[in-house]
Amino acid sequence: MIAVFTALYPEAEPLLLELRRRGIQMKRLPSGSLTAWRSKDDRYMLAVTGSGEIAAAIATAQLLTQFPADFAVNFGTAAGSDPAASCFRICKITEETTGRDFYPGMVWAAPFAERALVTVPHPAAAPAGTVSPSLPCLTDMEGAGFFQAAARFLSTDKIVLLKAVSDAGETAALTPDRLRAICAAVAAGVTDCLTGLSEAVDAYRAEEETIEEPALMAKAEADLNGSEAMRLRLHRILCWQALSGEDLRKLVRKLYEDGSLPAGSKKKGKEVLEQLERDIL
Amino acid sequence: MNGTFFEPAFRYVYVEDRAAGLPQTRRILAKLPQAHVIPIRHYKDVFNRSRQDITAQSRSLALILADEPDPRVYPGAPVCQNFGNDAFYYTSTVMNCVYDCEYCYLKGMYPSANLVIFTDQSRTFAEVDRLLARGPVYLCISYDTDLAAIEPLTGFLREWYAFAQDRPGLTIEIRTKCANQALLSTLPVLSDVIWAFTLSPEKVAQRFEKKAPELERRLAAARYAASRHIPLRLCFDPMLRFPGWEEEYRKLAQMVRDELDPEQVRDISIGTFRISTQYLGQMRARQPESPLAQYPYTVCGGVASYGAKSAEMTAYMAGLLDGWMSRDRMFFWNEREE
Ligand code: SF4
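Moving on, we come to the overall build of chain B. Summing up its helical and strand segments, chain B has 15 helices and 16 strands in all. Taking 338 residues into account, the globule formula puts the C-alpha radius of gyration at 20 Å, and chain B, at 20 Å, falls close to it. Overall size of chain B, expressed as C-alpha extent along the three principal axes, is 55 × 50 × 35 Å. Taking all 338 residues of chain B together, 59% fall into the buried category. Sequence separation of at least 24 residues holds for 76% of the intrachain contacts in chain B that already meet a minimum separation of 6. When the accessible surface of chain B is summed, it comes to about 12900 Å², and 51% of that surface belongs to carbon and sulfur atoms. Of the side chains in chain B, 40 bear a positive and 41 a negative charge, and the two mean positions are spaced by 4 Å.

Next up, the structure:
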């Protein structure tokens, strides 16, 4: 599941509309302290956190506790000197109040240029400038809080921040309609990125080799009648066999057919284990 | 998995503030014009982050360029073969490796798959000089990495050759799976700089060393090194145990016997897979699907290995090479050396 967090409803609404336009039905979660939607196929969640670092951190932690996610994405607006409604991926976050830096992983492909982000406790009066000549900065009020909370649940390589430039520090001009319009302008690109992440999750899962017959293994381990260390050792032998492409079913069946399992005692279980190690390792 | 899900390798380069101004750093960056540079205060801010996804990172390596105030020279670990040298050291001017072998201890050792390069080697050279003042030094320079594989980026081997040229008493080993003959052709030949090629059966190379050059190419590179009279070592280490291992190692030994002249090989090294239990625990957690990680190893003195089977495996390999190379030029790692 891709869990997306925005600070304000006008930032979430264009994404909801874009997802719906693509046939992804987002259903509002039963009313609680969190305003959130979940797609019918469980691929996406979208939550409105409220503005500020603490609100972002609380809502992120709350949602990720209830709904384990594969990726956490923070999407929203930020001040910066780039043209309004241009969208960027954040590669470095600085929390202004503490001076701490955070680094979201940049492993997954995203069709956006990179910017650094400074998270400040108040609406930015001016853009934060640049980190280096090649890395201009944006300013927001949530990024660092969101990141720290999400990093409690997910690998930092599964945390993504996407920011659309709203203004160059003229916060008075930022009406809900203006925010909505800016986010609507980038919603298609952001949604492409979200669907890309979702497809990556599918591909990643499909690629993982799975060990066959977990029930068969569990039964054999229980029938060994041994200590936890013995059970673990048999488990590793069976895993190694299965992952090496050997026929696990045949091996276990043979153990039952020749009377090795179930082992009547711990002593017998130990003998079975030793024999197995001699035979196949 | 489709590569388009991932950013290309070295798309992002994190540069430590204190390394940014170094000429060596600028030289490396100049070779990566497409890279996006992200300034950082300390390499550990990125490299040591908690909860990194090493598997995903290995599909899209980031580069971290750093500077280290302390020399990066260390005494050899007990799990390493010292080839009869008492003053056995290794350097670690690069952390992590582009080849990403499934059995590599680096996967258990570091919290990240990203590559850290300490761009200025001068302090390491100075430390080696200090050690040389006390006596001969045997130094592995391609240790927590494969230096030859990234030579086009770093130029480190060239720096080591220049350093070693007038340092009697210094013997250097360059351990590698790299098959870059063009590189071998441009480096000078020094009698105390040994190229040690790790050779694995084709099946092992295909399954567990997916990003390293295939066996054929490594053998061709070793042959080429021999033809240039580059001191050559062949490493059958780590030997792995898997269904049908004997036949695979028999085929490997046959290829070596067919393709290389033993007179052009300085020595060989044979050892079975072993790893500290701490690193094995990390590997198991990170690679639950890996047969190598899941093998029920025998643990002794904090080292997981094939136990008594290690001696059987090394003896088998030595037997396959008997008659081609004399035993006094074979070096073994076995349980007793722990
Ligand atoms: S080549 Fe050596 S250092 Fe590199 S990944 Fe493989 S085993 Fe590790």
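Right, let's talk about the packing of aromatic side chains for a bit. Scanning all chains against the criterion turns up 25 aromatic pairs over all chains. When the ring of Tyr-103 of chain B is compared with that of Phe-273 of chain B, the centres are 6.5 Å apart and the planes differ by 75 degrees; the resulting orientation is edge-to-face. Of this pair, Tyr-103 of chain B sits in the loop between strand E6 (94-95) and helix H5 (106-109) while Phe-273 of chain B sits in the loop between strand E12 (267-272) and strand E13 (274-276), placing them 170 residues apart in sequence. Of the residues examined, Tyr-103 of chain B reaches a relative accessible area of 6% and is grouped as buried. Ring centres 6.5 Å apart and planes at 65 degrees place the aromatic pair Trp-245 of chain B and Tyr-249 of chain B in the edge-to-face group. With Trp-245 of chain B and Tyr-249 of chain B both in helix H12 (residues 245-259) and four residues apart, this pair spans about one turn of that helix. The pair formed by Trp-245 of chain B and Tyr-249 of chain B is uniform in burial state, with each residue classed as buried. Members of the aromatic cluster, each reached through a chain of ring pairs, are Trp-240 of chain A together with Tyr-103, Phe-273, Tyr-295, Tyr-297 and Tyr-306 of chain B.

Right, let's talk about the sheet that holds strand E14 (residues 298-300) of chain B for a bit. Residue and element names in this part refer to chain B. Here we have three strands laid out as an open sheet, ordered E13-E15-E14, and antiparallel in their pairing. In the strand order of this sheet, the two ends are held by E13 and E14, each with one partner. Pairwise comparison of adjacent strand axes, ignoring direction, gives a mean angle of 30 degrees for this sheet. Bridge analysis of E14 against strand E15 (residues 303-305) gives three bridges, and the strand direction is antiparallel. Bridging across to E15, Thr-298 finds its partner in Ser-305.

Ranked by internal contacts, the top residues of the largest apolar core, which has 137 residues, are Trp-195 and Leu-234 of chain B. Among the elements that make up this core, the one with the highest residue count is helix H6 (residues 228-243) of chain A (eight residues). Two domains each donate at least three residues to this core, and these are domain 1 (2-206) and domain 2 (210-280) of chain A. Setting aside its immediate chain neighbours within four residues, Trp-195 of chain B contacts Ala-148, Leu-157, Tyr-161, Ile-174, Thr-176, Leu-183, Leu-184, Leu-187, Ile-230, Pro-231, Leu-232 and Arg-233 of chain B. Ranked by size, the runner-up nonpolar core spans 37 residues in total, among them Leu-15, Leu-19, Tyr-44 and Cys-87 of chain A.

Once that is clear, we can look at the interface of chain A and chain B. Across the boundary between the two partners, chain A contributes 43 residues, which contact 41 residues of chain B. Counting each side, the surface lost to burial between chain A and chain B is near 3600 Å², with a carbon and sulfur contribution of 53%. When residues of chain A are sorted by the area they lose upon contact with chain B, Tyr-103, Arg-236 and Trp-240 of chain A head the list and together hold 20% of the total. Across the salt bridge formed by Glu-7 of chain B and Arg-89 of chain A, the nearest N and O atoms sit 3.2 Å from each other. Viewed at the interface, chain B and chain A are joined by 24 residue pairs in polar contact (both at pLDDT 80 or more). Of the residues contributing to the side of chain A that touches chain B, the split by class is 21 nonpolar, eight polar and 14 charged.

Bringing the pattern of salt bridges into the picture now. All names here are of chain B. Scanning all chains against the criterion turns up 44 salt bridges over all chains. One salt bridge in this structure joins Arg-18 and Glu-16, with 3.2 Å as the shortest N-O distance. Judged by its relative accessible area of 40%, Arg-18 falls in the partly exposed class. Using a relative accessible area of 0% as the deciding quantity, one classes Glu-16 as buried.

Parameters and conventions
- Residues numbered from 1 in each chain as written.
- Chains lettered and ligands numbered in written order.
- Predicted model: local features only at pLDDT ≥ 70, side-chain atom pairs only at ≥ 80, totals over all residues.
- Heavy atoms only, no water.
- Helix = DSSP H or I, 4+ residues; strand = E, 2+ residues; numbered from the N terminus.
- Rg over C-alpha atoms; globule rule 2.2 N^0.38 Å.
- Buried < 20%, exposed > 50% of the residue type's maximum accessible area, 1.4 Å probe, protein only.
- Contact = heavy atoms within 4.5 Å.
- Areas by Shrake-Rupley, 256 points an atom, 1.4 Å probe, with all protein chains shown as cover.
- Lys, Arg positive; Asp, Glu negative; His and termini not counted.
- Charge placed at Lys NZ, Arg CZ, Asp CG, Glu CD.
- Phe/Tyr/Trp six-rings, centres within 6.5 Å; stacked < 30°, edge-to-face > 60°.
- Pairing = 2+ DSSP bridges.
- Axes fitted to C-alpha atoms, helices over the stretch in contact; angles between N-to-C directions.
- Core = buried A, V, L, I, M, F, W, Y, C linked by side-chain atoms within 4.5 Å.
- Domains from an automatic or database assignment.
- Buried area = accessible area lost by both parts, 1.4 Å probe.
- Salt bridge = Lys/Arg side-chain N within 4 Å of Asp/Glu carboxyl O.
- Polar contact = N/O pair within 3.5 Å; in protein donor to acceptor, adjacent residues only side chain to side chain.
- Nonpolar A, V, L, I, M, F, W, Y, C, P; charged D, E, K, R; others polar.

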